[in-house]
Amino acid sequence: MGLFLNVPYEEKDEAKALGAKWNPRARKWYADVPRQDYLKFAKWILRDTDNTVIATEYIFIVEGQRSCWNCGRSTRLVGLGIGEHIHMFDDGDGPQFEIMEDYVDAGEELHLAWTDREDEIPPKVRKYLKEKYSVKTGYSKTIHRDCFANHCDHCGALQGNFFVFQETDSPLNLMAEGDELIKRASKLKVFMIPIDDDLQLNWDVGFGSTDYAYFKYGHCEELILSSDPENDYISYEELYDL
Ligand SMILES: [Zn+2]
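Below or above, wherever it landed, is the structure these notes cover. (Residues numbered from 1 in each chain as written. Predicted model: local features only at pLDDT ≥ 70, side-chain atom pairs only at ≥ 80, totals over all residues.)

This paragraph deals with the overall build of the protein. Counting its secondary structure elements, the protein contains seven helices and 16 strands. Radius of gyration (C-alpha) of the protein: 19 Å, near the 18 Å computed for a compact globule of 242 residues. Projected onto its principal axes, the C-alpha coordinates of the protein cover approximately 60 × 45 × 35 Å. Across the 242 residues in the protein, those meeting the buried criterion constitute 33%. Considering only contacts within the protein whose residues lie at least 6 apart along the sequence, 67% involve residues at least 24 apart. (Helix = DSSP H or I, 4+ residues; strand = E, 2+ residues; numbered from the N terminus. Rg over C-alpha atoms; globule rule 2.2 N^0.38 Å. Buried ≥ 20, exposed ≤ 12 C-beta atoms within 10 Å, placed from the backbone. Contact = placed C-beta atoms within 7 Å.)

In structure tokens, the structure reads:
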């Protein structure tokens, strides 16, 4: 268990000196240290971004339904999610991080997530999503570019990411309160994928005050993607087909 890093070849000695280890199967360096010490490796974690999340323990698939804007029939919609995680960022004063479980109890909240770019989803999860749901990369006339998105199970019409994830009445994001919140959350299925290694994910993650409701009212079940009969927690190598 650890955090895999994108270390360029010419920086390998620096990573090694900080305690990174080499995984020959993945052909990658990884941080095999307590999570508090991930900050030492911020140079590689924050290489292409100033704000990232590292999922720990589980990643999630959230499934809901709504009427297709085009054909009017009820279609499934799917999103991703993170639960326990580390937030690493650099506001200009050097890298900082927070282990979110220091603020909320472990396993208490799910934060809905998605990405326009399918290559940001580990291949094993992406394959599962594409086999089970009507998701694919398609051209969006609204934002004038290709994006990974839900499509109607019946007519194939693109169901735009903004509507699915950000509109107040979208089925997946639970921007509601009282009975309406319970009603919406209780229609959702939450699939929990146990992960062996911590995962840096460049997903768009939404944080909301009702993020506890996914676990409290949704239908939760474990989804085992690991092919190892001894270990339900899927490894980094298997998630990335290495
Ligand atoms: Zn349709």
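On we go from here.
Now for the sheet that holds strand E8 (residues 95-99). Reading across the sheet, the four strands line up as E8-E7-E4-E14 and stay open at both edges, with antiparallel pairing between neighbours. Whereas interior strands pair on both sides, the edge strands pair on one side only; in this sheet they are E8 and strand E14 (199-201). Strand-to-strand twist across the sheet, computed as the mean angle between neighbouring axes with direction ignored, equals 25 degrees. (Pairing = 2+ DSSP bridges. Axes fitted to C-alpha atoms, helices over the stretch in contact; angles between N-to-C directions.)

What follows is about the sheet that holds strand E6 (residues 74-82). With mixed pairing, six strands are arranged side by side in an open sheet as E15-E9-E6-E5-E13-E16. The open sheet has two edge strands, strand E15 (204-205) and strand E16 (219-222), and neither has a second partner. Bridge analysis of strand E5 (residues 58-67) against E6 gives nine bridges, and the strand direction is antiparallel. From the neighbouring strand, Ile 61 faces E6, where its bridge partner is Leu 80.

The backbone of Glu 57 sits at a positive phi, close to 75 degrees, despite the residue not being glycine. Position of Glu 57 relative to the elements: it lies in the loop between strand E4 (51-55) and E5. For Glu 57, a count of 18 C-beta atoms within 10 Å gives the class partly exposed. Even without a glycine there, the phi angle at Asp 241 is positive, about 55 degrees. In this structure, Asp 241 sits in the segment after helix H7 (236-239).

Another point: the pairing of strand E9 (residues 111-114). Residues His 111 and Ala 113 point to one face of E9 and Leu 112 and Trp 114 to the other, with burial holding for every one of them. Both E6 and E9 contribute to a ladder of three bridges, which runs antiparallel. Bridged to Ile 82 within E9 is His 111. Sheet topology note: the E9/E15 ladder contains two bridges and is antiparallel.

Below, the discussion takes up the environment of Asp 119. Looking at the element boundaries, Asp 119 is found in the loop between E9 and helix H3 (123-132). Since 11 C-beta atoms lie within 10 Å of it, Asp 119 is described here as exposed. Separated by 29 residues in sequence, Asp 119 and Phe 148 place their C-alpha atoms 9.3 Å apart.

Here we take up the pairing of strand E7 (residues 85-90). Consecutive side chains of a regular strand alternate in pointing toward one face of the sheet and then the other. As judged from the five bridges shared by E4 and E7, these two strands associate in the antiparallel manner. Its bridge partner being in E7, Asn 51 is matched across the sheet by Phe 89. Summarising the sheet, E7 and E8 pair through five bridges and their orientation is antiparallel. From the neighbouring strand, Met 88 faces E8, where its bridge partner is Phe 97. Counting the residues that bridge the hairpin from E7 to E8 gives four residues, and of these Gly 92 lies at a positive phi of roughly 110 degrees.

Topologically, Phe 89 is positioned in strand E7. Looking at Phe 89, the number of C-beta atoms within 10 Å reads 15, which means it is partly exposed. Apart from residues lying up to four places away in sequence, Phe 89 is in contact with Asp 50, Asn 51 and Gln 96.

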